[in-house]
Amino acid sequence: MKKMTNYALLLLLSLGVFAQGGLGYQEPPKEIKDLIDAPLAPSVRIDTKGENVILLYRNAYKTIAELSEEELRLGGLRINPVTNIGSRTTFYNNIKVKKAFDQNAKQVSGLPENPRLAYFSWSPDESMMAFTHTTATGVEIWVLDANKGSAKKLTNAGANANLGWPMTWFADSKALLVKMLPDDRQPLINTQTAVPTGPTVSVSSGEKAQNRTYQDLLKNPVDEKNFEQLARSEIHKVNLDGTSAKWMDTGMYRGLDFSPDGKYVLLTQVKRPFSYLVPYYRFASQTAIYDLNGKQIKMLLDRSVDEVRPKGFMSTTDQPRGFNWRADKPSTIVWTVALDEGDPAKEMEYRDEVFELNAPFNGKERSVVKTKNRFSGITWGTDKLAIAYDYWFDNRNTKTYTFDPSDNSVEAKIIFDRNYQDAYSNPGNFVTSKNKLNQYVLTMDGGNAYLMGDGFTKEGQFPFVDQMNLESGKTTRLYQSAYTDKVEDLVDAMDMSKGEILVRIESPTEYPNYYLRNIKKKVALKPITQFKNPFKAMQDVEKEVISYKRDDGVELTGTLYLPVGYDKEKKEKMPMIMWAYPVEYKDKASAGQNTTNPNEFIYPWYGSPVFWVTRGYVVLDDAAFPIIGEGDEQPNDTFRKQLVANAKAGIDAVDEMGYIDRNRVAVGGHSYGAFMVANLLSHSDLFAAGIARSGAYNRTLTPFGFQREERSYWEAPEVYNTMSPFMHADKMKTPLLLVHGEADNNSGTYPMQSERYFNALKGLGGPARLVMLPKESHGYRAKESIMHVLWEQDQWLEEHVKNRDPMETTVQMDK
């Protein structure tokens, strides 16, 4: 008892070091800060011919000043009302160009001062690339000439990117359709000073509307008026010489898509009534086809608000959905209808049916194909061949079909029927290439198609290219990566007739770079990029993927990192950080597969625990945490038991290797991983401390399902209560660092989740620290925030793990 009293006093004193209240932004130790300050390699865009390479540069992080710019949160969107673009948009600040095999890139000329570039879009002929530049007052449309390496401005700062992509190319690559701000836009209403004209009223008419816990929704009539003003645009035709003309009058335009032959435009408009329950993309809307003069040719769908859907992850609208152009035809529109009226509870032979309608769109639609599960897409090929895909969450099944689009009397043939979580059986993705209409269609050689796959096996990862005869189903392996010390990612097929594949190759110490590989000729790889490793401090870090078993025999894996300079012969027992994220499965075989490659580049991004190898910690990252429910059993029925079993197996495995002091182990996670952390600290004695970032801790606040849980609170109250750390706050006696963005907009992870959980812990005497990050969302963007979070985590680990008082062990063992 005396030991417990002394420990409690020491713990209170140590927590007092982090005083409650305001605190200036802090920076982590130099070892960590240097890694954060390392320059970011550019993003790479390569045309389909493999000729022109565009390098896009940006800062790794935003600043807190950028996050503090004006922001309105409306209809599921976050908008900067001054500049009329998403307030969380990632901006690039420089562009360089090069020919594929040139060593040096050329600086693009003509870029604006202080570039803030986004929405990069190749022209159909890939000679030009359009992009936006956001000034202090608005969004401009610019264009880059890829061959000349020069950029020029096409519009003033009046483009409207509030509902996403503000422009789309004409098929001839000579002009764009651009959403521009209308001349009659009304001033926005200040929600803080507006005088209410009455209460906000919502009505339930008896229909079940079991929606997820969306955030940033409209809340009142003022929000509605502001959303409408921000969403309204005129559509202008803008030529490459900068001349323009209005193409369509004002509307709330959501999508713009030319037919492959460029003669028609598919256009979706949002309209009233809006909704306070669902995001803008489920508001009432109209989808129609227009000609090049802006004249409506065919109204395809006039949809009411999509608030009411059946229960379940596989539920969908009972209205036609997914309108898009058929890639192998000049102007044929296709869409999908749910034969089960969107209700997964209905037993049906076929769930979905795909229809098409040919130009000039005055005939009758015809059925193209039916799918047994929920339709998920088509790869178009020829008049008589296409490939369709579906999936079903409940049993993790996915099917791939070949079918004849010209003859719906012939039943589609199932060529793959598999568990989509079974990585070892994944046949890969069908290779596509551009046709004469500049659309991607199935790459064929006679009756043969091609597949490129990740190549995960029991023995390791070996990406592959297969040739498949679609009639017989026979496959022939054309190429399989032989690397055992590197990772080769098959990015794209540049020219299958020549055997040219774009690949990206990396190793733990070699930064990912692009190469051209020829799988037909035994010639050397042709390097396209030559990026250097900016993280030299990690150069000699020991890394391996370890395999171990849970107590029920399920195979588990994790990526193990040893501290910088660790002596494996001496085997000093070090503190450890375990980082994980639970994943649900319906079978043990899939759950036990290894899909982690030990040869991946060691990239210390802000959310990773790998920084702490520079601080003397062993790190077990991406520790497998499968939650399995086979047959009629649901994974979450035994969630807590499986969590603890996963954690214990990981600690046991590393402890048996002789690297760690198992009494100095921390556990961390983000989002659902944070939820995992709080449960582990509440229901086990395995850890010295925990770090939980942006989590949800009271599942009754997400009553119509969460993560992969389909049942509602009223169907499974015992599951919700058992899984909620908030309900067991009285059991949590292990130091827990809670971090949350004040502007978290992720479904279910309201900032209130961390605030209320911390209040419960504080009220019950649980040792915890709550850090609320101003302006931050579910993931953190500002460099000041990221530096501070790393400082908080380092301080917490040093205090409660590395330098843990031995008396804490006694208390935990007695718990």
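Only a predicted model underlies this, so the values are computations on that prediction, with no experimental measurement involved.

Considerations on the pattern of salt bridges
- If you walk through the whole model with that rule in mind, you get 45 salt bridges.
- As a salt-bridge pair, D340 and R351 come within 2.8 Å of each other at their nearest N and O atoms. With a gap of eleven residues between them, D340 in the loop between β20 (332-338) and β21 (352-358) and R351 in the loop between β20 and β21 connect regions that are remote in the sequence. We note that D340, like R351, is buried.
- A single network of salt bridges, built from pairs that share partners, joins E31, R615, D794, E798 and K802.

Thoughts on the side chain of R550
- Mapped onto the elements of the fold, R550 is located in the loop between β40 (543-549) and β41 (555-561).
- A polar contact of 3.1 Å, which involves the side chain of R550, links it to the side chain of Q642.
- A distance of 2.9 Å separates polar atoms of two side chains, one belonging to R550 and the other to N646.
- Look past the residues within four positions of R550 in its chain and what remains in contact with it is L556, P626, I628, Q642, A645, N646 and A649.

Thoughts on the sheet that holds strand β46 (residues 660-670)
- Here eight strands make up an open sheet; going across it, the order is β40-β41-β44-β42-β46-β47-β48-β49 and the pairing mixed. Edge strands, defined here as strands with exactly one partner in the open sheet, are β40 and β49 (768-773). Across the sheet, the mean angle separating the axes of adjacent strands is 20° when strand polarity is ignored.
- Helix α6 (residues 639-656) rests against β40, β41, β42 (574-580), β44 (618-623) and β46 of the sheet, and its axis sits at about 135° to β46.
- Of the strands in this sheet, β48 (736-741) and β49 touch helix α9 (residues 751-764), which is tilted by about 155° from β48.

Considering the packing of α6 against helix α7 (residues 672-683)
- Relative to each other, α6 and α7 sit at 85°, their axes nearing to 10 Å. Put simply, α6 runs roughly perpendicular to α7. Judged by residue contacts, F639, R640, L643, V644 and A647 of α6 engage Y672, F675, M676, N679, L680 and H683 from α7.
- Within the contact of α6 with α7, the residues separate by chemical class into eight nonpolar, two polar and one charged.

Some details on the environment of Y350
- Looking at where Y350 falls in the secondary structure, it is placed in the loop between β20 and β21.
- Using a relative accessible area of 17% as the deciding quantity, one classes Y350 as buried.
- Along the sequence, Y350 and K372 sit 22 residues apart, while their C-alpha atoms lie 4.2 Å from each other.
- Those residues in contact with Y350 that lie beyond four places of it in its chain are L339, K370, T371, K372 and E411.
- A polar contact is formed between the side chain of Y350 and the side chain of E411, at a distance of 2.9 Å.

Cut-off values and rules
Residues numbered from 1 in each chain as written. Predicted model: local features only at pLDDT ≥ 70, side-chain atom pairs only at ≥ 80, totals over all residues. Heavy atoms only, no water. Salt bridge = Lys/Arg side-chain N within 4 Å of Asp/Glu carboxyl O. Helix = DSSP H or I, 4+ residues; strand = E, 2+ residues; numbered from the N terminus. Buried < 20%, exposed > 50% of the residue type's maximum accessible area, 1.4 Å probe, protein only. Polar contact = N/O pair within 3.5 Å; in protein donor to acceptor, adjacent residues only side chain to side chain. Contact = heavy atoms within 4.5 Å. Pairing = 2+ DSSP bridges. Axes fitted to C-alpha atoms, helices over the stretch in contact; angles between N-to-C directions. Parallel < 35°, antiparallel > 145°, perpendicular 65-115°, else oblique. Nonpolar A, V, L, I, M, F, W, Y, C, P; charged D, E, K, R; others polar.

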